[in-house]
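# Structural overview
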Amino acid sequence: SGDITAKATGPFVPTQEDYQKVYNEIARLLVEKDDYDDGSYGPVLVRLAWHASGTYDKESGTGGSNGATMRFAPESDHGANAGLKHARDFLEPVHEKFPWISYGDLWTLAGVCAIQEMQGPAIPWRPGRQDRDVAACTPDGRLPDASKGQDHIRAIFGRMGFDDREMVALCGAHSLGRAHTDRSGYDGPWDFSPTVFTNEFFRLLVDEKWAWRKWNGPAQYTDSKTKTLMMLPSDLALVKDKEFKKHVDRYAKDSEVFFKEFSDAFVKLLELGVPFKSEDRYVFKTSE
Ligand code: ZEM
């Protein structure tokens, strides 16, 4: 009888189908909770997945999405993470419904779900992150500073193990969402469809005239035509730097190439520093 008991209460091993259920629940909540920003929590979920992962340091092997240490101060209070509580709180009911999933897996899966539901590319994903405690929090300063240029971008993303092409592709996520004065101090969206994943960020970078915005906030650019869009100094660095600009031009011209190269780089980002047991990745079904 001991055997039978062990079988009945043995550890729950989730399957792809179980993770698809988590995906579906996040997708459902994205539709249900539309009273936020431009009508979607999608962009801030993408930013949560990115900031959870982008702390990775390839030399020491520390940081990354394994551990989900942004649950704790001091990491939750790092300036770069201002506002991400909205994303973490949005996902809390999902964790209550599926308590077997680690926060690291939940946050990265939510980033994948948000991108796919906002009409972006498929992002193959695999589970395996384990939550760690406050001692694993990373030091402040590992995420990029928007007031800086190409050298800083190369230093920060180089530390994670990315090359120029991947850095530019990843920054294309700025087709989503907006900046908030009460978070980063910056203000406004990058394009006219902040809840749809497109290559518009690159197209606008190349096609529009960007001038310093005249205001009391931090130095940022505004488009000369409508004065409703914005670019960060770090965004403009992508067209000021010759090597970066090559990729900006490629992505501005060809949305398919951008989608493919973004997906590859985002898969890599979400997996930095995670000791996976399986090679198999899941491609989740997007909702209708
Ligand atoms: Zn962002 N990002 N980012 N980014 N980001 C903001 C917003 C968003 C930088 C940055 O300083 C800022 C990547 C790269 C870089 C998103 C995704 C990704 C904001 C505005 C700033 C200041 C925050 C606010 O006020 O709410 C810098 C300097 C970057 C590199 C040089 C990469 C890589 C991303 C994902 C792959 C997203 C989706 C947002 C919008 C968030 C929202 O709440 O709407």
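Conventions used here
- Residues numbered from 1 in each chain as written.
- Predicted model: local features only at pLDDT ≥ 70, side-chain atom pairs only at ≥ 80, totals over all residues.
- Heavy atoms only, no water.
- Helix = DSSP H or I, 4+ residues; strand = E, 2+ residues; numbered from the N terminus.
- Expected span 1.5 Å × (residues − 1).
- Buried < 20%, exposed > 50% of the residue type's maximum accessible area, 1.4 Å probe, protein only.
- Contact = heavy atoms within 4.5 Å.
- Polar contact = N/O pair within 3.5 Å; in protein donor to acceptor, adjacent residues only side chain to side chain.
- Core = buried A, V, L, I, M, F, W, Y, C linked by side-chain atoms within 4.5 Å.
- Domains from an automatic or database assignment.

## Re helix H3 (residues 42-53)
Owing to its 3.6 residues per turn, the α-helix aligns residues three or four sequence positions apart on the same side. With 12 residues, H3 ought to run about 16 Å at 1.5 Å a step, and its terminal C-alpha atoms sit 17 Å apart, in line with that. Among the 12 residues of H3, 11 are classified as buried, and the element is accordingly described as predominantly covered. Restricting attention to buried positions, one finds in H3 the residues Gly42, Pro43, Val44, Leu45, Val46, Leu48, Ala49, Trp50, His51, Ala52 and Ser53. As for H3, its buried residues are in contact with helix H2 (16-32), helix H4 (85-97), helix H5 (103-117), helix H6 (150-160) and helix H11 (255-271).

## Describing the side chain of histidine 51
Examined against the element boundaries, histidine 51 turns out to sit in helix H3. Side-chain polar atoms of histidine 51 contact the side chain of tryptophan 50, separated by 3.3 Å. One polar contact links the side chain of histidine 51 to the main-chain carbonyl oxygen of alanine 80, over a distance of 3.3 Å. Dropping the residues within four chain positions of it, histidine 51 is found in contact with Met70, Ala80, Asn81, Leu84 and Leu143.

## Examining the nonpolar core
Burial of nonpolar side chains together is a common tendency in soluble globular proteins. Of all hydrophobic cores here, the largest spans 85 residues; its most connected members are Ile26, Leu91 and Phe266. Of the residues forming this core, the biggest block, 9 residues, is contributed by H5. Composition of this core by domain shows at least three residues from each of domain 1 (8-142 + 267-271) and domain 2 (150-265). Every residue in contact with phenylalanine 266, bar those within four places of it in the chain, is listed here: Val46, Ala49, Gly111, Ile115, Ile123 and Leu170.

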